[in-house]
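Fold and geometry: a report
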Amino acid sequence: MYPQYLIEYPNMNTSFPFYIKRKKHTLVQPHRHDFIELTLIMDGKGKELINGLTHSMTPGTMVLLLPYQIHQIEADPLSPLDMYICNFDMKLLTEGAEPEQVLWDLIYGGDSQQSSFVQFDSSILGDIQSIFAKMLQEYQGDDYGKHMIIKAKLLEALTYYARSMRSHTHKSAQLVGSAPVRTKPIWQMIRYLHEHFLESVTLSVLADEFHLHPTYISELFSEYYGIRFLEFLQELRIRHACSLLLSSDMPLSEVAMESGFDAYSTFNRTFRKLKGCSPRAYRSKQAGHSLCHSQIP
């Protein structure tokens, strides 16, 4: 079964693209996001598979999932996972030199082999839990300046994550299961595409970059995502186009060009296929009234 592709979350297309909830999970099917997700386990136990690597989930486990990562969760049937789940856009946080550097290291820097989770011990777990509790409290309330507090707390949580990751790079929490499949270059290629999708990236360019045959690359995309390389690239470009449509009055033809499409007709056709409506309709939709599909079948 190929992973489900989730492309939206509540508040995604607002001036403050952030969402948080606390929920219990027993099973989460394989899926990937079109956004960043940060989770914290409060209670229960289970395991999570991220890009072929399995790790334990217990109270204090914090996971940072990037848009290119496939993951699934399975909790102990007798001990469901009680967890905070935050969804947000990277652009929400990049203000100031230090936050930008920390976030750049988390999202793009570091060893591509590093894990996607950290395990906090009891000495700091209370502080981490209070950060998430405060974010949820502010999110559910309507007090003046709520977005400022949420943003500050989210940056605080990510900084603790970055500190733990840097200090435990070579002794992270236990990995379980079979040998990782990350030896295949698919994850490095996905990261490359997320950094260069606005450029003239073709299958041949990717093949030259990673010294692989184009046919083999095509097989990897089919194996892991159930789609072709070009379809994956177009998903990234349409995601960028949606941001431009909702944050600017840029003409549709310019949005197409700025999103990596050589022709408006291709952009329009691809947009309709992935979003279920035209670019113009997407731009004009009112808050809380979706004209488009929230998920791609």
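Structure: above.
First, a word on what this report is: a plain description of the structure on this page. (Residues numbered from 1 in each chain as written. Predicted model: local features only at pLDDT ≥ 70, side-chain atom pairs only at ≥ 80, totals over all residues. Heavy atoms only, no water.)

1. Points about the overall build of the protein
The line we're drawing: In this description a helix means any DSSP run of H or I spanning at least four residues, a strand means any run of E spanning at least two, and both kinds are numbered starting from the N terminus. Throughout this description, buried means an accessible area under 20% of the type-specific maximum (1.4 Å probe, protein chains only), exposed means over 50%, and partly exposed covers the range between. Throughout, the Shrake-Rupley method with a 1.4 Å probe supplies accessible areas, and for residues the shown protein chains are the sole cover considered.
Counting its regular elements, the protein contains ten helices and twelve strands. The buried share among the 297 residues of the protein stands at 48%. Accessible surface for the protein amounts to roughly 15100 Å². Of this, 52% is attributable to carbon and sulfur atoms.

2. Observations concerning the packing of aromatic side chains
Selection rule: Each aromatic pair joins two rings of Phe, Tyr and Trp (for Trp, the six-membered one) with centres within 6.5 Å, and gets the label stacked for planes under 30 degrees apart, edge-to-face for over 60, and tilted for any other angle. Charge over a ring is defined by NZ of Lys or CZ of Arg lying within 6 Å of the ring centre and within 35 degrees of the ring normal.
Considering all chains together, one arrives at 14 aromatic pairs under this definition. Taken together, Phe261, Tyr264, Phe267, Phe271 and Tyr282 form an aromatic cluster joined through their ring pairs. The cationic tip of Arg163 hangs over the ring face of Tyr160; the distance from NZ or CZ to the ring centre is 5.9 Å.

3. Observations concerning unusual backbone geometry
Of note, the phi angle at Asn11 is positive, near 75°, even though the residue is not glycine. Here Asn11 lies in the loop between strand E1 (4-6) and strand E2 (18-25). Judged by relative accessible area, which is 33%, Asn11 ranks as partly exposed. Of note, His211 is a non-glycine position whose phi angle comes to about 55°, a positive value. The exposure class of His211 is exposed, given its relative accessible area of 71%.

4. A closer look at helix H2 (residues 122-140)
Residue pairs spaced three or four apart in an α-helix point in one direction, given the helix's 3.6 residues per turn. Heads up, the rule is: Expected span of a helix: the number of residues minus one, times 1.5 Å. Note on contacts: a residue pair is in contact if any heavy atoms of the two residues lie within 4.5 Å.
Compared with an ideal rise of 1.5 Å per residue, which puts 19 residues at 27 Å, H2 spans 27 Å between its outermost C-alpha atoms and is within 8% of the ideal. Turning to H2, its buried residues number three or more, namely Leu125, Ile128, Ile131, Phe132, Met135, Leu136, Glu138 and Tyr139. The elements touched by buried residues of H2 are E2, strand E4 (36-43), strand E7 (61-65), strand E9 (81-88) and helix H3 (146-167).

5. Some words on the environment of Leu40
Summarising the element assignment, Leu40 is placed in strand E4. Distance from Leu40 to Asp82, taken between C-alpha atoms, is 8.7 Å for residues 42 residues apart in sequence. If we ignore the near neighbours within four places in the chain, the residues touching Leu40 are Gly60, Thr61, Met62, Asp82, Met83, Tyr84, Ile128, Gln129 and Phe132.

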